Structures are given as structure tokens and as C-alpha cells.
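Commentary on secondary and tertiary structure
One-letter residues, chain by chain:
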Amino acid sequence: MKALIVEVIDAKRIGELVTVGRIFGDTPDVVALGTGDIPGNYNKAYCSDAAVGSNLIDGLVELIQKEGYEVVLLSATTVGAEIAGPLSVRLGAPVLTEIIGAKSDMTVTRPIYGGKAMTTFKINQTPAILTVRRKYFESAIAEGTTTPVPLAGAAGAIRLVSEEAVVTEGIPLDDAEVIVSGGRGVGSGEKFTILRDLAGILNAAVGASRGAVDEGWAEPTMQIGQTGNIVAPSVYFAVGISGASQHLAGIANAKCVVAINKDEDANIFKRARFGIVEDYAKVVPALIQALQEEQ
Ligand SMILES: Cc1cc2nc3c(=O)[nH]c(=O)nc-3n(C[C@H](O)[C@H](O)[C@H](O)COP(=O)(O)OP(=O)(O)OC[C@H]3O[C@@H](n4cnc5c(N)ncnc54)[C@H](O)[C@@H]3O)c2cc1C
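Structural notes, computed from the coordinates. (Residues numbered from 1 in each chain as written. Predicted model: local features only at pLDDT ≥ 70, side-chain atom pairs only at ≥ 80, totals over all residues. Heavy atoms only, no water.)

Observations concerning the sheet that holds strand β9 (residues 117–122)
Spatially, the 3 strands line up as an open sheet ordered β7-β8-β9, and their pairing is antiparallel. A single partner strand is all that each edge strand has here, and the edge strands are β7 (101–102) and β9. Here strand β8 (residues 107–112) runs beside β9; their pairing, made up of 6 bridges, is antiparallel. Bridging across to β9, R110 finds its partner in T119. (Pairing = 2+ DSSP bridges. Helix = DSSP H or I, 4+ residues; strand = E, 2+ residues; numbered from the N terminus.)

Things to note about the nonpolar core
One finds F24, L73, V108 and L130 to be the most contacted residues of the largest nonpolar core, which totals 28 residues. Taken together, the elements giving at least two residues each to this core come down to β1 (3–8), α1 (11–24), β2 (29–33), β5 (71–75), β6 (95–99) and β10 (128–132). The biggest single contributor to this core is α1, with 5 residues. L73 has contacts with A3, L4, I5, V6, L17, V20, G21, F24, L130 and V132, leaving out every residue within four places of it along the chain. Formed by 24 residues, the second largest nonpolar core is a distinct cluster that contains V213, F237, C256 and I288. (Core = buried A, V, L, I, M, F, W, Y, C linked by side-chain atoms within 4.5 Å. Buried < 20%, exposed > 50% of the residue type's maximum accessible area, 1.4 Å probe, protein only. Contact = heavy atoms within 4.5 Å.)

Here we look at helix α3 (residues 78–91)
Compared with the 20 Å implied by 1.5 Å per residue over 14 residues, the 20 Å span of α3 between its first and last C-alpha is a close match. Within α3 the residues assigned to the buried category are G80, I83, A84, L87, S88 and L91. Summarising the axial view, the buried residues of α3 lie within an arc of 125°, below the 170-degree limit, and thus occupy one face. In this structure, α3 carries T78, A81 and V89 as exposed residues pointing more than 90 degrees from its buried face. Just downstream of α3 lies G92, where phi reads positive at about 60°. (Expected span 1.5 Å × (residues − 1). Arc of directions from axis to C-beta.)

Thoughts on helix α2 (residues 57–67)
Burial in α2 covers these residues: I57, G59, L60, V61, L63, I64 and E67. In this structure, the buried side of α2 is in contact with β1, β2, β4 (45–48), β5 and α3. The first or second residue beyond α2 is G68, which carries a positive phi of 70°.

A look at the site of the ligand
Among the 24 residues in the neighbourhood of the ligand, the closest are listed as R184, S209, T227, S242 and N261. For the ligand, a nitrogen atom lies 3.4 Å from a polar atom in the backbone of G185. Backbone polar atom of Y280 to a nitrogen atom of the ligand: 3.0 Å apart, as the coordinates give it. For the shell around the ligand, the secondary-structure elements that each account for two or more residues are α5 (210–214) and α6 (245–248). The residue inventory of the shell around the ligand, partitioned by class, reads 4 nonpolar, 14 polar and 6 charged. (Near = heavy atom within 4 Å. Polar contact = N/O pair within 3.5 Å; in protein donor to acceptor, adjacent residues only side chain to side chain. Nonpolar A, V, L, I, M, F, W, Y, C, P; charged D, E, K, R; others polar.)

Let's talk about the packing of α2 against α3
In helix packing, the relevant descriptors are the interaxial angle and the interaxial distance, both defined with respect to the helix axes. The contact between α2 and α3 brings their axes to 10 Å, and the two run at 55°. By the angle between their directions, the pair α2 and α3 is classed as oblique. Crossing of α2 against α3: the hand is right-handed. Residue-level inspection shows I57, D58, L60, V61, I64 and Q65 of α2 in contact with α3, the latter providing I83, P86, L87, R90 and L91. (Axes fitted to C-alpha atoms, helices over the stretch in contact; angles between N-to-C directions. Parallel < 35°, antiparallel > 145°, perpendicular 65-115°, else oblique. Left-handed = near helix turned anticlockwise from the far one by under 90°.)

With respect to the side chain of T77
Examined against the element boundaries, T77 turns out to sit in the loop between β5 and α3. The buried category is assigned to T77, whose relative accessible area is 17%. Aside from chain neighbours lying at most four places away, what touches T77 is R13 and R134.

The following block contains the structure:
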């Protein structure tokens, strides 16, 4: 299977798609969004500084048809979603989004019903377009770098006006080995402070459920789940989070989940390795104190 990756220049993201590409065959070729060398060794590598996925469609269609790529791999991110749909229409190609598993015979799996069921599909037509959920595949280690050639045909139907980084305090969710997440059970935005205190001691990032984000207690960038960040930390504290399937979709690959919830029937306890049935306002200060005594 001749595969092509389309992804921003980021070693981890490209690495995850390389892993998927190798399930289907050899190391894929790459179209990198951005400028500069691409981490990893690729047979053919292209680049475009087009900041908007739609602007790449003409160039990608031409390249895929010319080189005969059989599978196009994108991350299931905003950029990936922007490209996958129009590319599928233009190529008359089948598209499957948000896959989390793949086999060499082109069967792929993806969750449905907010993660409550798993579906398996067999793709019988090429080229096929797949978007891949982040953090479900190991990121292949990139050795060396490749200097890309510019992708022809990137047009400018949409122009990027401005881009501003959102300043987040503390450790980014993406890199955190430990995450302390709060839900609606935390009770208020001010009360999130205690979770930040716990996170500070554990060198952890702070996350949130959609319940807490909807209440305005946490930033949307902190949301974990199907429509938020997908994380895979070693330890995940779920504090006052019921454990809805859409939340669990974001922590499927967390190694050790610790749940603190006062409802013993809360769904989160089905996913947790350790569970404490108690008011978090009692448990978290005790935990902080014990950790301080340890130090
Ligand atoms: C299409 C779609 C996409 C979605 N995407 C996401 C997503 O990405 N991420 C996400 O999180 N959700 C998502 N949701 C929402 C999801 O279904 C739930 O509504 C949400 O996760 C609930 O948040 P919560 O657990 O914080 O709140 P609740 O369900 O209200 O749970 C609060 C919990 O706190 C406990 N509690 C209360 N007080 C205390 C206390 N003092 N101490 C300890 N425990 C206490 C309660 O027992 C309860 O279990 C999505 C929903 C849909 C339909």
C-alpha cells in the first residue's frame, strides 16, 4: 500500500501516522504543513505553508493521482477534518474518520455512540482517506530529517488573518505524565484552585470534563474527551467526574485512573484502577498533606 501522510510539522504527530502507514506497508511519504525540515527519513516529502486545509486540496488531488497513493493518512484534528472531506469528494474516495485501530488487510476500527461500541470496517477501494485519533498509535521514532520540496497547486481561497497562542498556565496536557482533572462535582471555578495545588505538587497538568467547561469553571482548551483533548498520562485523577462515555473516550490510554467521587455508582469507577467514594473536598486536602509530608 502506497501511503501519504498530510500533517503539520510535528515529530510526534507525524510519527503516529508513520506507525499506521507501516501497518499497511512501507514508510509513507509526507506532505508537511509548515516550513523547514521534517523530522524522519522519507522517500518523498513535500511541504506547504498554506495555513488552511482547504487551500491544499488542488495540490493534494494532483499529487495523489500522479503518484498513485492508495491511502491518505491525516490526524483526526481540525486540520485533518478540513482536508479529509473535500479531498474525498474530489477524488471520489471513501473516507473513514477517527480510526483507532488498523490491520494490514485494510480493516480499521473506530468507536461509535460516544465510545460505547466499536465498529470494524474493511476498505475495498483505493485511494482511501483515513483520519486517525491522536494518541492511539505509538509515535515512530524519527531518525534524521528530510528536506521537503514545495507542493504545487496550493491556492488561497481562505486567508489566515491572525493566529494567537492561548497562554496556558503550568504543564501542557499533551506532555503531562500526571493529569488532575475536575468535573461538575468540583462545584465552582474558585474550587478548581485546590486541584491546581494538587497538580503543583505532582508536577501535573490540570484538565476538565465538559461539565466543568460548560459551567465556565475551566478553559475549553482544558477539556478532555471525545470533543476535547485525548490524553495518555501514566496517572489520571478524575475528581468529581461522573465518567460519561464521551469523557472516557479521551482517557482510553491513560495507564492508571484514580477516581474521587461521592457517588459509588458513578460510571468512572468502572474505568478506575483506584477509587475513593468520598467528598473530594475531604480527600484532596488530605492527599496534598500526605504528599507534602512525603517530600
Ligand atoms: C457529542 C457529545 C460530545 C461530548 N464530549 C465530551 C468531552 O469531550 N468531554 C467530556 O467530559 N464530556 C463530553 N460530553 C458530555 C458528557 O456526556 C457529560 O455530560 C460530561 O462528561 C459530564 O461532566 P461531569 O462528569 O463533570 O459532570 P456530571 O455528569 O454532572 O458529574 C459530576 C460528578 O461529580 C460527583 N460529585 C458531585 N459532588 C462531588 C463532591 N463534592 N465530591 C466528589 N464527587 C462529587 C457526582 O457524583 C457526579 O458523578 C459530550 C457529550 C456529547 C453529547
